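# Remarks on the overall topology
The primary structure of each chain is shown beneath.
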Amino acid sequence: MKVIRLALLVFVFLQSNLATAQQPDTILTFEEYTDRVSEHHPLALQAQLRSSFGEATLLQSRAGFEPKAGADVNQKYFSGDKYYSLIDAGLKVPTWFGVELKGGYELNEGKYLNPEHYVPDAGLWYAGISVPLGQGLFIDERRAALRKAQIYAQSTQAEQKAMLNDLLYEAGKTYWAWFESFNKLLVYKEAYTTAQLRFEAIQRSAQLGDRPYIDTLEASIQVQNRQVSLWDAELEYQNVTAQLGVFLWQDGNIPLELEDNTTPPSSLTISSTTVQPELVSQMDSLIDSHPQFLMYNYKVQELQVERRWKQEQLKPTVDLNYNAIAEPINGDVMENYSINNYKWGLSFSMPILLRKERAGLQLAKLKITETELQRSTKKAELQNKAINTINSWNTTANQVNQYRKTTQNYNELLQGENRLFNIGESSLFMINSREMAYINAQIKLVELTAKNQKAELATQHALGVLSP
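Now for a quick tour of the structure. Since this is a predicted model, take the numbers as computed values, not measurements. (Residues numbered from 1 in each chain as written. Predicted model: local features only at pLDDT ≥ 70, side-chain atom pairs only at ≥ 80, totals over all residues. Heavy atoms only, no water.)

### Describing the overall build of the protein chain
What counts, and what does not: Here a strand is any run of E in DSSP of at least two residues, a helix any run of H or I of at least four, and the numbering for each starts at the N terminus. Two things to know: the radius of gyration comes from C-alpha atoms, and the globule rule equals 2.2 Å times the number of residues to the power 0.38. Residue burial is assigned from relative accessible area. The probe radius is 1.4 Å, only protein chains are included, and a residue is buried under 20% of its type maximum, exposed over 50%, and partly exposed in between. Note on definitions: a residue-residue contact is assigned when non-hydrogen atoms from the two residues lie within 4.5 Å. Residue exposure ignores everything except the shown protein chains as possible cover, and the areas themselves are Shrake-Rupley values with a 1.4 Å probe. Note on charges: Lys and Arg go in the positive column, Asp and Glu in the negative column, and His and the chain ends are not counted at all. Positions of charges follow a simple convention, taking NZ of Lys, CZ of Arg, CG of Asp or CD of Glu.
Summing up its helical and strand segments, the protein chain has 10 helices and 10 strands in all. Over its C-alpha trace the protein chain gives a radius of gyration of 40 Å, far above what one expects of a compact globule, namely 23 Å for 468 residues. Taken along its principal axes, the extent of the C-alpha atoms in the protein chain is 135 × 45 × 35 Å. Looking at the protein chain residue by residue over its 468 residues, the buried ones come to 39%. The long-range share in the protein chain, meaning contacts at least 24 apart out of those at least 6 apart in sequence, stands at 78%. Carbon and sulfur atoms make up 54% of the accessible area of the protein chain, which totals about 26500 Å². Taking the average location of the 45 positive side-chain charges in the protein chain and that of its 53 negative ones, the two points are 6 Å from each other.

This is the structure we're talking about:
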């Protein structure tokens, strides 16, 4: 009867202890954790800067199409004479089509003015265009730079998502390792407490003559073994908790530490998850929109722009300039305007062998081929990784569901053995054996539950859907 009362005491104590352990003051859920990481982690804030880099680069490239106002003033004085004064002020407006619009005012005077610079006393207004007829007609350096900047701005958004996708994956793995170590610790705490109480009960029974003293030795060995296992579990939990703290920040510059009463949820509250059918049906489209794959697409687009520009450089440089000119009369330019008053020019140049240009085009084509091969390899890697993680996700879900039943069966075996032990039909050895099997089953179930959650996380990472 004393043994039965002690067994009941152990049971009541364990139930109270487990209720306290499984109801911590603060539970940090996975969703709360990932929200904090994505909002406050330095890498998350750094990822947000990528789009700002793209916008700044795009703004910089647009400067090539800004209207430019300018003026040239050249004067010469010698021995009291004004040899010449040349003033030319105007405005140039480059356009996306390669044509440059320009207009201005020219006023030249002086005792020794070069005849080609003669203008009316009121000066001369001019307006015209500059047209590239050869190289630069379809694309030039400014347009190539702007187009590449536009592509880069898009690629920075993909880069931002890729950075967040990787960050949340690493943070998520650490969280589920923390979850696993915590729930293992709960199992080992329960096991140690059970062994300690059993040792005390057997020790008192031996003192009363109800049990042989050899049983106290066996019970004390179990206490010692479980104490060592508990220390290992505590060390693992402390180490993983420290690793988790690496991902917890405030505003990207203040590292945070978990409070002692902050824990992950109990494994009893976490259900196994299975692959959503839509993820499988949309796998190809998700791979095509994966940020890492998109970055290769944007890289190929940039190189294609570069190839177009290199190919354009094989053409000769032929620039046509035309300016209509008019003398202002009483401030009115159009009053004296005539289509016969103009100036024009044509410039032509072309390397004979085009070695630099041909080599540049060849290199651009090789880079495109190389990047396309890398893109194909990356897509195959992402597809293979997604398939593997989906298979792992399905398998671990089945394992969790199956092993939950197995753990329950081990518990029923242990309870039955306890009942036999209480009526004197079993031995301490059998109790310890059943109990160790149940403890190992609990540990295995915790590991499978964490593995299932990690498999879901890995699938989302492989499909690139972790980042918003």
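Read on for the rest.
### Observations regarding helix H3 (residues 42–62)
As a reminder of what qualifies: Helix span, expected: 1.5 Å multiplied by one less than the number of residues in the helix.
For H3, spanning 21 residues, the distance from its first C-alpha to its last is 31 Å, which sits close to the expected 30 Å at 1.5 Å a residue. Residues of H3 that are buried: Ala44, Ala47, Arg50, Ser51, Gly54, Leu58 and Ser61. Summarising the contacts, the buried residues of H3 are in contact with helix H2 (30–40) and helix H4 (141–208).

### What about the pairing of strand S5 (residues 124–132)?
Under the convention used in this document: In this description, strands pair whenever DSSP reports at least two bridges between them.
The pairing of strand S4 (residues 100–109) with S5 spans seven bridges and is antiparallel. Residue glycine 104 lies in a different strand from S5, and its bridge partner there is tyrosine 126. Relative to strand S9 (residues 317–326), S5 runs antiparallel, the two sharing eight bridges. Of the residues in S9, the one forming a bridge with alanine 127 is alanine 324.

### Description of the nonpolar core
Our working rule: Think of a nonpolar core as a cluster: buried Ala, Val, Leu, Ile, Met, Phe, Trp, Tyr and Cys residues, connected wherever their side-chain atoms sit within 4.5 Å.
In terms of nonpolar packing, the biggest core is built from 30 residues, with Tyr33, Val37, Tyr175, Trp178 and Phe247 touching the most fellow members. At the level of secondary structure, the elements contributing two or more residues to this core comprise H2, H3, H4, helix H5 (213–245) and helix H10 (428–462). With 12 residues, H4 is the single largest residue contributor to this core. Once residues within four sequence positions are removed from consideration, valine 37 is found in contact with Ala44, Leu167, Leu168, Ala171 and Phe247.

### Some details on the side chain of serine 85
Mapped onto the elements of the fold, serine 85 is located in strand S3 (residues 81–94). Serine 85 gets classed as buried once you look at its relative accessible area, which sits at 2%. For serine 85, the contacting residues outside a window of four places in its chain are Asn74, Gln75, Leu107, Asn108 and Glu109.

### Observations regarding the sheet that holds S5
Stated precisely, the cut-off is as follows: Orientation is described by axes fitted as lines to C-alpha atoms, over the contacting stretch for helices, and by angles from 0 to 180 degrees between their N-to-C directions.
With respect to topology, six strands assemble into an open sheet ordered S2-S3-S4-S5-S9-S10, the strand pairing being antiparallel. Sheet topology places strand S2 (68–78) and strand S10 (342–349) at the edges, where each strand pairs with a single neighbour. This sheet shows a mean twist of 15° between the axes of neighbouring strands, independent of strand direction.

### Notes on the pairing of S2
In terms of burial, S2 is a largely surface element, zero of the 11 residues being buried. Pairing analysis gives 11 bridges linking S2 to S3, with the strands arranged antiparallel. Pairing of lysine 68 across the sheet is with lysine 92, part of S3. Hairpin connection between S2 and S3: a loop of two residues separates the two successive antiparallel strands, and serine 79 in this loop has a positive phi of roughly 55°.

### Quick notes on the pattern of salt bridges
Two side chains bearing opposite charge may form a pair once their charged atoms approach each other closely. Selection criterion: Take a side-chain nitrogen of Lys or Arg and a carboxyl oxygen of Asp or Glu: if they are within 4 Å of each other, that pair is a salt bridge.
Evaluated as defined, the whole model comprises 16 salt bridges. One salt bridge in this structure joins lysine 82 and glutamate 109, with 3.3 Å as the shortest N-O distance. A residue pair is termed long-range when its members are at least 10 positions apart, and lysine 82 in strand S3 and glutamate 109 in strand S4 qualify at 27 residues. Overall, lysine 82 belongs to the partly exposed group, its relative accessible area being 29%. Given a relative accessible area of 40%, glutamate 109 falls into the partly exposed group. Each of Glu180, Lys184, Glu447 and Lys454 takes part in a single network of salt bridges with overlapping partners.

### Looking at the environment of serine 347
Tracing the chain through its elements places serine 347 in strand S10. Look at serine 347 and you get partly exposed, because its relative accessible area is 34%. Sequence-wise, serine 347 and glutamine 399 are 52 residues apart; in three dimensions their C-alpha atoms are separated by 78 Å. Not counting residues up to four positions away in its chain, the partners in contact with serine 347 are Thr317, Val318 and Asp319.

Keep in mind these numbers describe shape, not what the thing actually does.
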